[in-house]
Amino acid sequence: MLVDLFKGFAVTFKHIFRPRVTLEYPEVKRPLPPYFRGRHRLQRYENGLERCVGCALCAAVCPSEAIYLEAAENDPANPVSAGERYARVYQIHQLRCIWCGFCEEACPEDAIVMGPDFELANYRRDQFICDKQAMLDPPDKGFGKEPNLKVNTAL
Amino acid sequence: MATAAIQNYSPILTAGVTGTVYSGSVESLADYQAKGGYDGYKRALQEQTPDDVLALVKEANIRGRGGAGFPAGVKWGFIPRNRNLPHYVCVNADESEPGTFSNRPILEQRPHLLLEGAALAAYATLAETVYIYIRKEYYEGVRQTQRAIDDAYAAGLLGRNILGTGFNLDIHVHTGAGAYICGEETALIESLEGKRGYPRLRPPFPAVQGLYNCPTVINNVETLAIVAEVARRGGDWFKSLGTEKSPGMTVYSISGHVRKPGNYELPLGVTMRELIYEHAGGIRDGNKFKAVFPGGSSVPMLFEDELDVVMDFDGPRQYGTFLGSTGIIVMDETVCLVWAALNLMHFYWDESCGQCTPCREGTGWMHKILKRLEHGQGVQHDVDLLLDICKNIVGRSICALGEFSTGSLVRTIPRFRDEFQAHVDQQGCPFEKKYTEFR
Amino acid sequence: MTPLNVPPPPDNVTVTVNGAPMQLPKGKNLLQALLDVGHYIPHYCYHPRLSVAGNCRLCLIELEGRPKPEIACNMVVADGLKIRTDSELVDSCRKGMMEFLLINHPLDCPICDRGGECMLQRYSVEYGWGTARTIDPRRRFHKPQFDPLIDIERNRCIMCTRCVRFCDEIAGEHVMGVFGHGNRNYIGTYGNGPVSNPFSGNVIDICPVGCLTSKPFRFKARVWELRQTNTTTRTCNGAVTAWTRAGKLYRVTPPTRRRHGAYTIDEDTDEFISNEARFGTHYANHDDRLTTPMIAAGDGAQMTTSWKSALEAAARALRNAGRGEACFLAGERSTNEEFYLLGRLARGLCRAGHIDWRMRFTSEAAARAAGDALRASDGDLDLLARGAYGATLMIHADLLGTAPDIALRIKEAARAGKTRLALLDARVDEFFGRFADPVYLEQPEALATAVNNLAAALEHGRDEAHAPADGAPLFNHLAQHEQGLIVLGLDAAGGALNPALVPAALRLVQALGAGWQFLAVTAARNARGAVAAGAQSDRLPTGPVTDPEALRSTSELYGAPLEAPEETPAAPELLRRAAAGQFKVLFLHRCDELVHHPQRELIEQALAATETVIAVDIFPSWITRHADIVLPGSLFYENDGTMTDIDGTLQRMSRGDRPRGDAQEEWRILESIAVLMSAARRHKSAQSIFGDLLKAWNAPTLFRLDDLLLDPPSLLPQTNHVLLSRRTRPNFKLILAERGAQPPAQAAPAAGGGLRLLWNMHSQGPDHLGSRSSEFDALHPQPRLELNPADAAALGLADGDWVRLAGGEVYLPVIQLERAIGPLPDEALYQEEAVETPA
């Protein structure tokens, strides 16, 4: 019986000297894998234009119909996105979202990606409807050149 | 190797034509009639029925000199033998094929020969109106032809009740604006009707629904000139010239890197080697021969070992190319074939009417690729891609322009693949530029 | 029916397709024949109603034994034809063409509104390479703005020229064309002007790619998000599909068909809808909707109430109305079911109530004449399209203005040589003028005489000797044909239809013999349905009110005893009586035409003089504000029912969305009132009411029975479109205003009257519904007055002068006399739709 007891203590002792796996959340945060699917982000081009053109493929592919968007036409003098079209309203209902990442895969413009943010707690249910401003990257965090749409015919 | 008939041949269609219209003389109505001009026409009107004339042309087996070599008699035979609808004869004097200028001496210096042929065609096909569609750039051609028409009207050879036979004929000159596509017969018709020069779908063929939806014959200038000669001299004389399947003579327009470029009227059956080395005086500057377009820029090229080809309607076919419009463009060893192809592709891209997909997009695409190749931005699969695009165009467009645009590539790439590949590998043209930089 | 209705049996021959024999109709376009039997061949430029262009080269097929492929769209079915559509050659052709089409096509599918219904996307998946071999920059054009409703993106164009051919061949206007050449070809309009014909919206549908898209629909939604309801509008003949999401209407298109496993706009749709149906129906989204029942609260105020109390109040008022004291006016845009229910309420449940629909006519005689004409109308536009009518005579029709869809069908038949068109009118426009011969111009009041003369001459005999002195060509035109069609327009004179014209036209048909048929055309959407469903004072669903047998059978259907009325006043007379205070209850069911009625004072008096006014409507108007009980109705995609096209084709209106707010389907409202008035028969659905109508229409002379199915697809292929005319308007006198480029500030009457006004109630004008369609504003034509140049010279008027019409404070520019649409008889004016702000 004693033998068994020491066996048990041995295990405990062994773990005392091993590195800890438990993190002191929220002071310490667990490093996330790069493919982690957290809160959605809407990305930009390097000149600050939104990548999203409001094509609604993410809404079409979403299995839980968590995405709602309405598109509108860009003002050429003051464009929001890189095409003629932009998402005037872009909402994701995060209580409906099942974090499958299909939206990310469907996006033809690399606009919507799922970021590392997993802290989604809120006090009210309506706060889970995440709108465009909440998801957009800051204007200086864009990347890539927007497509060149210059007229190249003489006409 | 040249036969005696070829060596002793003296020009008939271009008889008396020396130099240009500015230096040489223009044959007047009197000159022409002194040579027996309009005799065949008068005889036909006074002694023969339209069917006789048709039979004569059929019997002589006059093959169209415009490019396709289709027998004129057969073409005329498709015209209904009634006058339920007005019939028309259109003369294709648009001569827009690069490297071709064989109609020009006839239009400018012997317009009556053309008029007689056109009148005979009208008589044989029961037409009473002839339109001569001449490109505007042939300013002298338009002027001289119109003057000849005026003379013929004055002499009573055109107009109402000609020579008291009850035959009416009007000939009009219409000037085209210089579009390559309007040399295509149905595009020519559309252009005559005042529309965009878009080739029509066939069927229906012009012989059934042509100009203004009426039966229409369209012939090349040279074909009708030959008709005039045949009406005067007879079919047996005509068949004594040339080869068995391609009787008669034609005017070869030789241009490019030869010592003596120009028009050479010879019986069909002469070889390419004779044309270049005997008649045109050989390659310039003692350079080596590289390639030749046997029938305008639209047909695939011939190369060094193929020069003994007999230049009649059937000879070039064994190499997958055609006699075409007999515009022979000779290139010597200094020519970069990519550059040559780019030059021509620019022409076809620019001249494509844009009606059907393969020609519109294909020429533009090939032009872009060739431009990249020539300017050192070629990529590995470009050469194969060019061949594949050619394959996708040939036989799939509405008219032949699509197919023509591939003429400078389909035989050239397999033969000179190294040269094309060198453009990719060296990222630029390996040739020393002796010519003007072109686009 | 006459043997005209039997289509000739197809002469089938055997064609070998991919080694398998197939029976196809001889002489038919091969591509169409293959499509018809479900053998799909990809194609862009081919369209069944347009000429063959053969430029997309996608329908290349292999003829066995020939090395070169041929395009199927330029071949006809011939006996012994052997083709392959599955060979390597065909496959490589399709792949090659798709690659060519895509090398310059921009990769902007996420932006493009065509995404999801684009033939380029579809064929790329089915026939394309899947990879791109081009690395070269793509061609990009400038983007012009030339039309307020059509957006053009030339980069996406594949030069199929369908739009060009549509404008040239169908809409009859050379407005679009191909410019440039080579691969710098582009589509545009001449002079960069708008595509100004009343069918221009169709170029959006027939464009197989995203080059021409709809501006009102631009970026509003993706097509796959929308719910499609196959229905018909309350304003135009023919079927449409309403595309909605969450009750909001996004677009209206020709009916969609099931293809490739999904309902899409058929890119080969052989149906063209007018701009009014397409854009004018966007009133559906107007915020100004009536959504709750309201009752009068005294002092001219209204208060919302519950359905229960509103309906009970209505039923109470109707119950309390004495004999002949209830008057029902049924709007011409009501469904057949609503007409039937209104007839039952008026005749069966009220004591000898009055009912009529003919409010658009300003005189009793005109209204009666219109009723007669519609009852006699038996012409069939499908027969016309099939070539059964050798000749067609249009009398005083002005169809392009009042019923462009019908105009389109008649013109197409004339253009295709299916019929020979003649015109007898006060004014001829270019649309028909180019295809018509002979054309006769008469002063409007002389038309009846002219028709009578023709008829009299024909009654004497058909050989030329009997021809009237000045009308021999027209006489011969008619006399030569055993079978033909007489088209009579009921709206061309506005509300003042010349009553003598109808008997004259009917006499002419009679004189021409049994092979001739008659078609009365009016912009009143469901006029045929009103006559047939018993919403006309002298008609019961089963026959005339004077027929005891009809009374008996109708009373059986109604489940209520009926008595023959002593008199049958039409709507103009009913309005007059109402103004005189003879009615206790006035029931106005969807009376859109009263809102802009020329006799507004009369209607105001009627509203004031009647104790209880009940109005069913969807938008507030001065009428609903005067009403004591307002019952909110539904839109054309919220309601169940059927509509009758002008040539008798039934169209189904179906409910694809619930009405906004508390609004209800009209049939439900009417049925509820009937139930409260203790009707013996109760209907639980619109279909059940339609069942009653089917029983009533035992004699199938008015309708083709095979169309009477409730299965939508069988109704969809019918294509009859009549546009509703906008307003009726009294005759104006011309009073010249001072000359000036702008309308003068002060009305300055000048001499020069005495001209008659012939006006065109242009379909593209504002009315009760259309004025609420903001997209439609762009379509309003420039209002203008057209004068015979001789008259203009006599009055000293020139192009661009402004004139004022007496009778209304309306200023109009005199527009381009030299380019007036067509010839006008002397001393006639032509006014194109004067604009007034609706009340």
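Residues numbered from 1 in each chain as written. Chains lettered and ligands numbered in written order. Predicted model: local features only at pLDDT ≥ 70, side-chain atom pairs only at ≥ 80, totals over all residues. Heavy atoms only, no water.

### A few points about a nonpolar patch on the surface
Our working rule: The patch calculation keeps residues exceeding 30% relative accessible area without a salt bridge and links them within 9 Å when they carry like charges or within 5 Å when they are nonpolar (Val, Leu, Ile, Met, Phe, Trp, Tyr). In this description, accessible areas are obtained by the Shrake-Rupley approach with a 1.4 Å probe, and a residue is regarded as covered only by the protein chains that are shown. Should a side-chain nitrogen of Lys or Arg be within 4 Å of a carboxyl oxygen of Asp or Glu, the pair is scored as a salt bridge. Per the convention used, a helix needs a DSSP run of H or I reaching at least four residues, while a strand needs a run of E reaching at least two, with both numbered from the N terminus.
On the surface, a cluster of nonpolar side chains totalling about 830 Å² of accessible area is made up of L2, L5, F6, F9, F13, I16 and F17 of chain A. Assignment of secondary structure puts I16 of chain A in helix α1 (residues 2-16).

### Structural notes on the nonpolar core
Definition in use: Among buried residues, those of type Ala, Val, Leu, Ile, Met, Phe, Trp, Tyr and Cys that are joined through side-chain atoms within 4.5 Å constitute a nonpolar core. Each residue is placed in one exposure class: buried if its accessible area under a 1.4 Å probe, protein chains only, is under 20% of its type's maximum, exposed if it is over 50%, and partly exposed if it falls in between. Note on definitions: a residue-residue contact is assigned when non-hydrogen atoms from the two residues lie within 4.5 Å.
Core analysis: the largest hydrophobic core is formed by 151 residues, its most contacted members being Y44 and L399 of chain C. Ranked by residues supplied to this core, first place goes to helix α13 (residues 337-351) of chain B with nine residues. Every residue in contact with Y44 of chain C, bar those within four places of it in the chain, is listed here: C56, L58, M98, L101, M119, L120, Y123, I158, C160, R162 and P208 of chain C. Residues F328, A524, V585 and V616 of chain C belong to the second largest nonpolar core, which totals 98 residues.

### A closer look at the sheet that holds strand β4 (residues 70-71) of chain C
Residues and elements named next belong to chain C. Our working definition: Two strands pair under a simple rule: DSSP has to find at least two bridges between them. Axis angles are defined between N-to-C directions and span 0 to 180 degrees, where every axis is a line fitted to C-alpha atoms and, for a helix, only to the segment in contact.
Across the sheet, five strands lie side by side as β2-β1-β5-β3-β4; this open sheet has mixed pairing. Edge strands, defined here as strands with exactly one partner in the open sheet, are β2 (20-25) and β4. Helix-sheet contacts for helix α2 (residues 88-103) involve β3 (60-63) and β5 (82-84), and the interaxial angle to β3 is about 160°.

### Re the packing of aromatic side chains
For clarity, the threshold we go by: Aromatic contacts are taken between Phe, Tyr and Trp rings whose centres are within 6.5 Å, Trp giving its six-membered ring; a plane angle under 30 degrees counts as stacked, one over 60 as edge-to-face, and the others as tilted.
Applying the stated rule across the entire model yields 28 aromatic pairs over all chains. Ring geometry for Y25 of chain A and F118 of chain A: centres 6.3 Å apart, planes at 35°, overall tilted. Note that Y25 of chain A is positioned in the loop between α1 and β1 (40-42) and F118 of chain A in the loop between β4 (112-114) and β5 (129-130), a separation of 93 residues in sequence. For the pair Y32 of chain B and Y38 of chain B, a centre-to-centre distance of 5.2 Å together with 90° between the ring planes defines the contact as edge-to-face.

### Focus on the interface of chain B and chain C
Rule in force here: Defined in terms of a 1.4 Å probe, buried area is the accessible area two parts forfeit on being brought together, summed over both. Distance and chemistry together define a polar contact, namely a pair of N or O atoms within 3.5 Å, with one atom able to donate a hydrogen and the other to accept it when in protein, and with adjacent residues in sequence counting only for side-chain atoms on both sides. Each residue is assigned to one of three groups, with Ala, Val, Leu, Ile, Met, Phe, Trp, Tyr, Cys and Pro labelled nonpolar, Asp, Glu, Lys and Arg labelled charged, and all others, Gly among them, labelled polar.
The interface of chain B with chain C comprises 34 residues on the first partner and 38 residues on the second. Buried area between chain B and chain C, summed over both chains or domains, comes out near 2900 Å², and the portion from carbon and sulfur atoms is 50%. Area buried by chain B at its contact with chain C is led by E361, W365 and R396 of chain B, which between them contribute 24% of it. Joining chain B to chain C, the criterion identifies five salt bridges. Note that R184 of chain C is salt-bridged to D350 of chain B, the shortest N-O span being 2.9 Å. There are 25 residue pairs in polar contact (both at pLDDT 80 or more) connecting chain B and chain C. Mapped by element, the contributors of at least two residues to the side of chain B that touches chain C are α13, α14 (357-374) and α15 (382-393) of chain B. Sorting elements by how many residues they give to the side of chain B that touches chain C places α14 of chain B first, with 10 residues. Here the residues of the side of chain B that touches chain C are counted per class, giving 14 nonpolar, 10 polar and 10 charged.

### Description of the interface of chain C and chain A
Counting residues at the interface gives 19 residues for chain C and 24 residues for chain A. For the pair chain C and chain A, the summed buried surface comes to about 1800 Å²; carbon and sulfur atoms form 56% of the total. By the criterion of area lost to chain A, the three top residues of chain C are P110, R140 and F219 of chain C, representing 37% of everything that side buries. Connecting chain C to chain A are five salt bridges. Among the ionic pairs, R156 of chain C bridges to E84 of chain A, the shortest N-O distance being 3.7 Å. The interface formed by chain C and chain A holds six residue pairs in polar contact (both at pLDDT 80 or more) in total. The residue inventory of the side of chain C that touches chain A, partitioned by class, reads six nonpolar, one polar and 12 charged.

Distances and angles like these do not, on their own, reveal function.
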